[in-house]
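An overview of the molecular structure
Chain by chain, the residues run as shown.
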Amino acid sequence: MFTNTAKAIDLLPFDYVPAPAGTNAILGFNFNNSADSFKDTSSNRIFESEFKSHVGAVKIARYEDLGGLPVAAALAIPYGRIYDTKIGDVSLNEPEGFGDPIFSFFFWPINQPEKGRWLGIGNFLTIPMGEYNKGQALNIGENRWKHDLQIGLVQSLPGNFTLDLTVDWINYGSNKSAGTGSQKLTQKYTFEGYAWLSYNISPTSWLSVGYQATFGGKQKIDGIFNGTETKSQQVRVSYGQFITPTTKLVGMYGRDVSRTGGFELDHSFQLQITHLF
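What comes next concerns the included structure. (Residues numbered from 1 in each chain as written. Predicted model: local features only at pLDDT ≥ 70, side-chain atom pairs only at ≥ 80, totals over all residues. Heavy atoms only, no water.)

Observations regarding the environment of V237
- Inspection of the secondary structure puts V237 in strand β17 (residues 231–244).
- Along the primary structure V237 and L197 are separated by 40 residues, whereas in three dimensions their C-alpha atoms are 9.6 Å apart.
- For V237, the residues in contact, after removing those within four places along its chain, are W196, S208, V209, G251, M252 and Y253. (Helix = DSSP H or I, 4+ residues; strand = E, 2+ residues; numbered from the N terminus. Contact = heavy atoms within 4.5 Å.)

Encoded structure:
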């Protein structure tokens, strides 16, 4: 019933700066989210509500050159757990297991490192192979296909600053085993946007402030609105550093400033480690 509660992939500063052709990358992600309130679509707070999730993911990527332009392909496999979750003092189930794998492909029509400018286009395809149990309110897998078209811009600014801007258009397939297990879940598309302003402390470290927002995503069960949608705004801070010439560590903390039709996150932590070889 409730989807996207244990998000496996997120966007951090400089994610749309491509590695050199011929580079392999392996990435590890750790996400921890918690909330102590649920807001309906009229922004009414439902008290005695709580949510916690812990998701890890491994991603492998390969960068190449195609017709003079950088391209990349990647596969991410998440594993997660949702626990201590309730709405209006009604406890929900606590799923744990592998999430849906995500295959992604990127290309950069603008690649101007000498100007500190990159424009990339990403396609993410979520494959419904994760853990899913019929009739449960919460699941790690979504039991449906999902496609995310993403466009990201990275632009260097004067004074050692860098701006990242990214927009997404997410389309959802239907889940025909939702609700009681034999109902059909449909969802309107979601628009998502990210903005990061980073200060480059040194050539190998940076401090960033960011904003993330989602709109749309209204869900229906057998054609009837189920009270859930993807509508939120979050503020963020991040710090990143190359701890070796080929290994990068990035941490992020975020907090929702508004949300309707879902759990309002009080704390959102992310840790990402990337190794290039």
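Remarks on empty space enclosed by the protein
- Per the counting criterion, the structure on display carries two cavities of 30 Å³ or more.
- Its boundaries defined by the atoms lining it, the second largest cavity holds a volume of some 30 Å³.
- Lining the second largest cavity we find L11, L12, D15, Y16, L153, V154, D164 and T166.
- Of all the secondary-structure elements, those providing two or more residues to the lining of the second largest cavity are β9 (146–157) and β10 (161–172).
- Here the lining of the second largest cavity is built from residues that sort into five nonpolar, one polar and two charged. (1 Å grid on protein atoms, 1.4 Å probe; cavity = no way out; pocket = protein on both sides within 12 Å on 5 of 7 lines; lining within 4 Å. Points joined across faces, edges and corners; volume = space filled by probe spheres on them. Nonpolar A, V, L, I, M, F, W, Y, C, P; charged D, E, K, R; others polar.)

Some details on the sheet that holds strand β12 (residues 183–187)
- Read across the sheet, four strands follow the order β11-β12-β15-β16 without closing on themselves; strand pairing throughout is antiparallel. Both edges of this open sheet fall to β11 (175–178) and β16 (224–225), since each of them pairs with a single strand only.
- One ladder, built from three bridges, connects β12 with strand β15 (residues 219–221); its direction is antiparallel. Paired with L185 across the strands is I221, a residue of β15. (Pairing = 2+ DSSP bridges.)

What to know about the pattern of salt bridges
- In total, this model carries eleven salt bridges according to the counting rule given.
- Residue E142 is joined to R144 by a salt bridge in which the shortest nitrogen-to-oxygen separation is 2.7 Å. Both residues of the pair, E142 and R144, belong to the buried class.
- Residue D256 is joined to R259 by a salt bridge in which the shortest nitrogen-to-oxygen separation is 2.7 Å. No difference in accessibility class separates D256 from R259, as the two residues are buried. (Salt bridge = Lys/Arg side-chain N within 4 Å of Asp/Glu carboxyl O. Buried < 20%, exposed > 50% of the residue type's maximum accessible area, 1.4 Å probe, protein only.)

A short note on the pairing of strand β1 (residues 24–39)
- Bridge count between β1 and strand β3 (residues 50–66): twelve bridges; the pairing is antiparallel. Counted as the bridge partner of F29 is A57 from β3.
- Across 13 bridges, the pairing between β1 and strand β19 (residues 262–276) is antiparallel. If you follow A35 over to β19, its bridge partner there is L265.
- Looking at chain direction, β1 and strand β2 (residues 45–46) are connected through two bridges and run antiparallel. When the sheet's bridge partners are listed, K39 is paired in β2 with R45.
- If you look at the hairpin formed by β1 and β2, you'll find five residues sitting between the two strands, and S43 has a positive phi there, around 65°.

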